[in-house]
Amino acid sequence: MIKFTKVAVATAAALTLVACGDDNNDSVTVVATPVEYQVTLSNLTNGQPISPPALILHNSSALWTIGSPASNALELLAESGDSSLLQSSSLVTSVAVSAVPVLPGETSTVTVSHGDLVSYLSFASMLGNSNDAFTGLNKIDLSSFAINDSVKYSTLAYDAGTEANTESAETVPGPAGGGEAYNPQRDDNNNFVAMHAGIISADDGLSSSVLTYQQKFDNPVMSVTITRIK
Amino acid sequence: MSNKHLIAAGFLGLFSAASQAQDLTITLVNLTQGISFTPIIAAAHDSQASIFHSAEAASEELQALAEGGSIDGVNLLLSGYGADITTNPAGGLLGAGGDTEFTLTNSDGNDYLSLAAMMLPTNDGFVGLDSWKIPTEAGTYTVLLSAYDAGTEANDEIISNVPNPIGITSTGATGVATEIGNTNVHIHPGVVGDTDPEGGISDFDSRVHRWLNPVAKLTVVVE
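Residues numbered from 1 in each chain as written. Chains lettered and ligands numbered in written order. Predicted model: local features only at pLDDT ≥ 70, side-chain atom pairs only at ≥ 80, totals over all residues. Heavy atoms only, no water.

Asks: Where do I start with the interface of chain A and chain B in this structure?
Replies: Interface size, as often reported, equals the accessible area lost upon joining of the parts. Listed as interface residues are 24 residues of chain A and, on the opposing side, 20 residues of chain B. Summed over both sides, the interface between chain A and chain B buries roughly 1,900 Å², with carbon and sulfur atoms accounting for 57% of that surface. Where chain A meets chain B, there are 1 salt bridge. Joining chain A to chain B, the criterion identifies 6 residue pairs in polar contact (both at pLDDT 80 or more). A class-by-class count of the residues in the side of chain A that touches chain B yields 13 nonpolar, 7 polar and 4 charged. (Contact = heavy atoms within 4.5 Å. Buried area = accessible area lost by both parts, 1.4 Å probe. Salt bridge = Lys/Arg side-chain N within 4 Å of Asp/Glu carboxyl O. Polar contact = N/O pair within 3.5 Å; in protein donor to acceptor, adjacent residues only side chain to side chain. Nonpolar A, V, L, I, M, F, W, Y, C, P; charged D, E, K, R; others polar.)

Asks: Looking at this model, I keep getting lost on the side chain of Thr 38 of chain B. Mind explaining?
Replies: By secondary structure assignment, the location of Thr 38 of chain B is in the loop between strand S2 (36-37) and strand S3 (41-45). Once you skip the residues sitting within four places of it in the chain, Thr 38 of chain B turns out to touch Gly 69, Gly 92, Leu 93, Ala 117, Met 118 and Leu 120 of chain B. (Helix = DSSP H or I, 4+ residues; strand = E, 2+ residues; numbered from the N terminus.)

Asks: Looking at this model, I keep getting lost on the pattern of salt bridges. Mind explaining?
Replies: Two side chains carrying opposite charge are able to pair once their charged atoms lie near each other. Residue and element names in this part refer to chain A. Counted by the stated rule, this structure contains 5 salt bridges over all chains. The residue Glu 36 makes a salt bridge to Lys 230 at a minimum N-O spacing of 3.7 Å. Placement of Glu 36 in strand S3 (residues 35-43) and of Lys 230 in the segment after strand S12 (222-228) is noted, with a sequence separation of 194 residues between them. You can call Lys 230 partly exposed: its relative accessible area is 44%. (Buried < 20%, exposed > 50% of the residue type's maximum accessible area, 1.4 Å probe, protein only.)

Asks: What should I look at first to understand the nonpolar core in this one?
Replies: Note that soluble globular proteins tend to have their nonpolar side chains buried in a common cluster. Ranked by size, the top nonpolar core spans 35 residues in total, and within it Leu 28, Phe 37, Leu 113, Leu 115, Leu 145 and Leu 218 of chain B carry the most contacts. Put simply, the parts of the chain that give this core at least two residues each are strand S1 (22-30), S3, strand S5 (99-106), strand S6 (112-120), strand S7 (125-133), strand S8 (139-149) and strand S10 (216-222) of chain B. Sort the elements by how many residues they give to this core and S6 of chain B lands first, with 6 residues. If near-sequence neighbours (up to four positions away) are discounted, Leu 115 of chain B is found in contact with Leu 28, Ile 40, Ile 41, Ala 42, Ile 51, Phe 52, Phe 102, Val 127, Gly 128, Leu 129, Leu 145 and Leu 218 of chain B. Core analysis: the second largest hydrophobic core is formed by 32 residues, Val 110, Ile 199, Phe 217 and Val 221 of chain A among them. (Core = buried A, V, L, I, M, F, W, Y, C linked by side-chain atoms within 4.5 Å.)

Given below as structure tokens:
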């Protein structure tokens, strides 16, 4: 069983809107509360480069739902690592993107900010040496985060359900394959998002696979720490 | 809370600090891409009862669940402990990516939640939750569940040794394993499978019948 570990208990008081009143003035001004979150992302896998994480702040919706088809934006991300459609989707309030992929054993830090309080943080990144595997955080509730609070999450690997897991050189875009990235055709066993079943690999008898033992992974695939710094 | 529960709580209160009955709304999501769950049994019970414990031998009742998908024995076992039980909330198989919601009201003293369902196709694999302490504070709680191996049947992955309501047509496998590695309940090592529908070592498809943990998500809303 994998549980999220809460490092710090948040206090709600600091998150309430500040209402500035003046005794000599009947009008009340609601002041915006600028927020900034520092997100540290470590790649825990043996051989899966993780596409540049795009940290998204939003006030509604989720990036994906288990058992439901992936959005086109998520399909593009999961098959190619390209987060551009996710970044431009209507749910996004604010976004910040890592400039480079997070390679196995490496850690990236991304800071995302917004001019006012925002409800949720999400991101999705592709596991590059796969057909349509991705990891991420989906709709993390920020309402209980006070300044300097820090929470650590372990992320899981999902299958977008948009591309068959042939693991072939023609279909895996990462360095282990060098094949095609995005293809709008959906030919997976099931056209819905679910947990990823893992890499089979040629070493484990899948003759169509260009992948080896080196690209196998298990959960969790990333360690992500979110700290509210403003 | 019903009057009956209030009275019971009052009497128990004379002897111990018993917790009160709670209404639970429970959602189970099958997180896998290619594994089905047989009829589910979920129960609120006391600290004496259980469906299984890791690193202990499976009961005959759990063996019947894990190898054959039958929840009757486990149901009888839990009933003997006065557990509050929900059987087969999904009305049959809960397929990959599917979910089922049900309610369970636990009686006073039944402070632990357990759940089990066989995973198909496996020889004796099941998704399980063992004695999760039901929170007393109202709220929504999420628990991720792992796949367990009952340790009662070798994982040969030969279809004639596995219930097959999901209609696997592969045959002719020579078998992955002939021995049980760990005869106590343990985390399932996973399916091997192959891509040969008429032979190979497994009748399961390595591209479909696989999983990594967690295999299910349980959401419990405590009223």
